[in-house]
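# Topology and contacts: notes
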Amino acid sequence: MAIQLYLGPLSLFSRKVEIALQEKGLAFERIRVPFSQERGYEPRHPAVLASNPKRQVPVLVDGDLTLFDSTVIFEYLEDAYPRPALYPAGAKVRADCRLLELTADEILFAPVRNLLYRTEPAHPDATRQLEREQAGLRAESAIRDQLSDLDKRLAGHDFFCGDLSVADIGLFMTVLFVRRLGGPALTDFQHLAAWYARLLQRPAFGMVATDIAAADRKLSPALHR
Ligand SMILES: N[C@@H](CCC(=O)N[C@@H](CS)C(=O)NCC(=O)O)C(=O)O
């Protein structure tokens, strides 16, 4: 049986796994869970409830193994399907690469999370809506600082850890969210902009970006106001 991936149409963490599966050339079935801007992931997909105590996507099923959490899934895919590799060789560079993936998911995504309100219906309480907007503006400045650090790191390199790796996948998805949520432009960060454009040329990354744009047209009218 082919690998199954339970994913949300606008789920950053699901899309990370989708890119990795495609970069590894693995056949898989996509099972889309319900999602709307009004209700989030409710009602939860029964298979997600049964397999993930955190009730989140992505969930990956490979035969008799069921996994959740995009990072755990990355590590499994690398062990089970090592070629092409998505982690560099060598303990120190590998650890550094893991740290960059964590930076994407937990450090850069922390302020990016504060822009998510831009895809949602306006808050019915005007004061709360204003607070969300102000938090969004503060987040933009924090994001800009982090993009600047990443830009410096990329100078003279095509990818973050030698060849294409999980760090590129994680950071690409977070930068894609910065862009779709109207965060800071990449124009001031030439290395990062060139890296992003290079990744977009790869079918796995380009397809995910196109699919998310289509999902936003359908699901996120607030983004197009
Ligand atoms: N650390 C997890 C995060 C997964 C996650 O936050 N999933 C989101 C969608 S992108 C979700 O299912 N959210 C619903 C919820 O938290 O209730 C991973 O890397 O997979």
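Residues numbered from 1 in each chain as written. Predicted model: local features only at pLDDT ≥ 70, side-chain atom pairs only at ≥ 80, totals over all residues.

### Details of the site of the ligand
This is how it is decided: Near residues are defined by distance alone, with the backbone-placed C-beta atom required to lie within 6 Å of the molecule or strand. Helix numbering and strand numbering both begin at the N terminus, where a helix is a DSSP run of H or I of at least 4 residues and a strand a DSSP run of E of at least 2. We call Asp, Glu, Lys and Arg charged. Ala, Val, Leu, Ile, Met, Phe, Trp, Tyr, Cys and Pro are nonpolar, and the rest, Gly among them, are polar.
Ser11, Phe13, Gln56, Asp69 and Ser70 are the nearest of the 13 residues found near the ligand. Sorting the residues of the shell around the ligand by element identifies α1 (12-23) and α3 (70-80) as the ones contributing at least two each. For the shell around the ligand, the residue count by class is 5 nonpolar, 5 polar and 3 charged.

### What to know about helix α7 (residues 190-200)
For the record, the criterion: Partly exposed residues are those falling between the two cut-offs: more than 12 but fewer than 20 other C-beta atoms within 10 Å of their own, whereas 20 or more means buried and 12 or fewer means exposed, with C-beta atoms placed from the backbone. It is the directions from the helix axis to the C-beta atoms whose arc is reported. Residue pairs qualify as contacts under a 7 Å threshold applied to their C-beta atoms, which are placed from the backbone.
Among all positions in α7, only Leu192, Trp195, Tyr196 and Leu199 are buried. The buried residues of α7 occupy an angular sector of 100° when the element is viewed end-on, so they sit on one face. Of the exposed residues in α7, the ones pointing more than 90 degrees away from its buried face are Gln190 and Ala197. Contact partners of the buried residues in α7: α5 (126-154), α6 (166-180) and α8 (203-219).

### Looking at the domain arrangement of the chain
Applicable threshold: Domain extents, as shown, originate in an automatic or database domain assignment.
As assigned here, the chain comprises domain 1 (3-80) and domain 2 (91-203). In this structure, domain 1 and domain 2 have C-alpha centres spaced 21 Å apart. Within the residue set of the side of domain 1 that touches domain 2, elements represented by two or more residues are α1 and α3. Take the side of domain 1 that touches domain 2: its biggest share by element is 6 residues, from α1.

### Notes on the sheet that holds strand β1 (residues 3-7)
Condition: Strand pairing is assigned whenever DSSP identifies at least 2 bridges connecting the two strands. An axis is simply a line fitted to the C-alpha atoms; with a helix, the fit covers only the stretch in contact. Between two such axes, the angle follows the N-to-C directions and lies from 0 to 180 degrees.
With mixed pairing, 4 strands are arranged side by side in an open sheet as β2-β1-β3-β4. The two strands at the open ends of the sheet, each matched to only one other strand, are β2 (28-32) and β4 (65-68). Mean inter-strand twist for the sheet, computed between neighbouring axes without regard to direction, equals 20°. Bridge count between strand β3 (residues 59-62) and β4: 4 bridges; the pairing is antiparallel. Bridging across to β4, Val59 finds its partner in Phe68. Seen against the sheet, α1 touches β1, β2 and β3 and runs at an angle of roughly 155° to β1.

### Describing unusual backbone geometry
Of note, the amide linkage connecting Glu42 to Pro43 takes the cis form, showing an omega dihedral of -5°. Checked against the element boundaries, Pro43 lands in the loop between β2 and α2 (46-51). Here the residue pair Arg83 and Pro84 is connected by a cis peptide bond, since its omega of -5° sits within 30 degrees of zero. Backbone geometry at Arg55 places phi at a positive 60°, although glycine is not the residue there. Phi at Asp69 takes a positive value of approximately 85°, unusual for a residue other than glycine. Locating Asp69 in the fold gives a position in the loop between β4 and α3.

### Points about the packing of α1 against α3
Between two packed helices, what matters for the description is the angle formed by their axes and the separation of those axes. Let me state the cut-off plainly: Roughly parallel means an angle under 35 degrees; roughly antiparallel means over 145; roughly perpendicular covers 65 to 115; every other angle is labelled oblique.
One can describe the packing of α1 onto α3 by two numbers: an axis separation of 9 Å at closest approach and a directional angle of 10°. When the axes of α1 and α3 are compared, the pair comes out roughly parallel. Listed contacts from α3 to Phe13, Lys16, Val17 and Ala20 of α1 are Ser70, Ile73, Phe74 and Leu77. By residue class, the composition of the contact of α1 with α3 is 6 nonpolar, 1 polar and 1 charged.

### Thoughts on the pairing of β1
Applicable threshold: With strands facing away from the observer, any crossover in which the path from the first strand over the helix to the second runs clockwise is taken as right-handed.
As defined by bridge partners, β1 adjoins β2 across 5 bridges and the pair is classed as parallel. Each bridged residue has a counterpart across the sheet, and for Gln4 the counterpart in β2 is Glu29. Taking the sense of rotation as the criterion, the β-α-β connection linking β1, α1 and β2 turns out right-handed. As judged from the 3 bridges shared by β1 and β3, these two strands associate in the antiparallel manner. Counterpart to Gln4 in the pairing with β3 is Val61.

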